[in-house]
Amino acid sequence: MKRMKQEITSKNAPTAIGPYSQGIKVNNILFVSGQIPLDPQTMQIISEDIVQQTKQVLNNVEAVLSEAGSSLSNVVKTTIFIKNMDDFDLINDVYSMYFKENKPARSCVEVSRLPKDVKVKIEVIAIV
């Protein structure tokens, strides 16, 4: 079986701030790089509020998924990186609004620092 690797780039998600792709599609599997709460047009952090940051992160993830022909309902695995585990419940509240059925497998870890000192970063693996 020939493996096809394709870079995915969405104008509706922030451009990469380093040497990586927003997403990579291999056959029917999509790997979306960790998204942070940047506004795709201004490339600025949208808010210091964890709820608003989580919504923006998931909107950015959704934009990359859409560009690849996938959606949140096709996500099979998420990894959430958070700056403060005390924000876990607030992040879960937002997360549950985006993943209502067929919830993906998930890991969540607290980290000491994230790019641009944001409070949350999420990466996903999905089928296309």
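Just so we're clear, the structure is a prediction, and the values are computed from it rather than from any experiment.

Chemist: I'd like a rundown of the sheet that holds strand β5 (residues 105-110), residues and numbers included.
Modeler: Taken in spatial order, the six strands line up as β1-β2-β3-β6-β4-β5 in an open sheet, and their pairing is mixed. At either end of the open sheet lies a strand with only one pairing partner, and these are β1 (5-8) and β5. Between one strand axis and the next, the sheet turns through 15° on average, direction left out of account. As defined by bridge partners, β1 adjoins strand β2 (residues 23-26) across four bridges and the pair is classed as antiparallel. Across the sheet, the residue bridging to I8 is G23, located in β2. Packing of helix α1 (residues 50-67) onto the sheet brings it into contact with β1, β2, β3 (29-35), β4 (75-82) and β6 (120-127), and relative to β6 it is tilted by some 30°. Against the sheet, helix α2 (residues 88-98) makes contact with β4, β5 and β6, and its axis sits at roughly 150° relative to β4, the strand it touches most.

Chemist: Tell me what's going on with the packing of α1 against α2, and back it up with residues and numbers.
Modeler: Between α1 and α2, whose axes approach to 9 Å, the crossing angle comes to 35°. Where α1 crosses over α2, the two elements pack in a sense that is right-handed. Each of I50, V51, T54, K55, L58, N59 and E62 in α1 lies in contact with α2, whose residues at this interface are L90, I91, V94, Y95, M97 and Y98. Residue classes in the contact of α1 with α2 are distributed as nine nonpolar, two polar and two charged.

Thresholds applied
Residues numbered from 1 in each chain as written. Predicted model: local features only at pLDDT ≥ 70, side-chain atom pairs only at ≥ 80, totals over all residues. Heavy atoms only, no water. Pairing = 2+ DSSP bridges. Helix = DSSP H or I, 4+ residues; strand = E, 2+ residues; numbered from the N terminus. Axes fitted to C-alpha atoms, helices over the stretch in contact; angles between N-to-C directions. Contact = heavy atoms within 4.5 Å. Left-handed = near helix turned anticlockwise from the far one by under 90°. Nonpolar A, V, L, I, M, F, W, Y, C, P; charged D, E, K, R; others polar.

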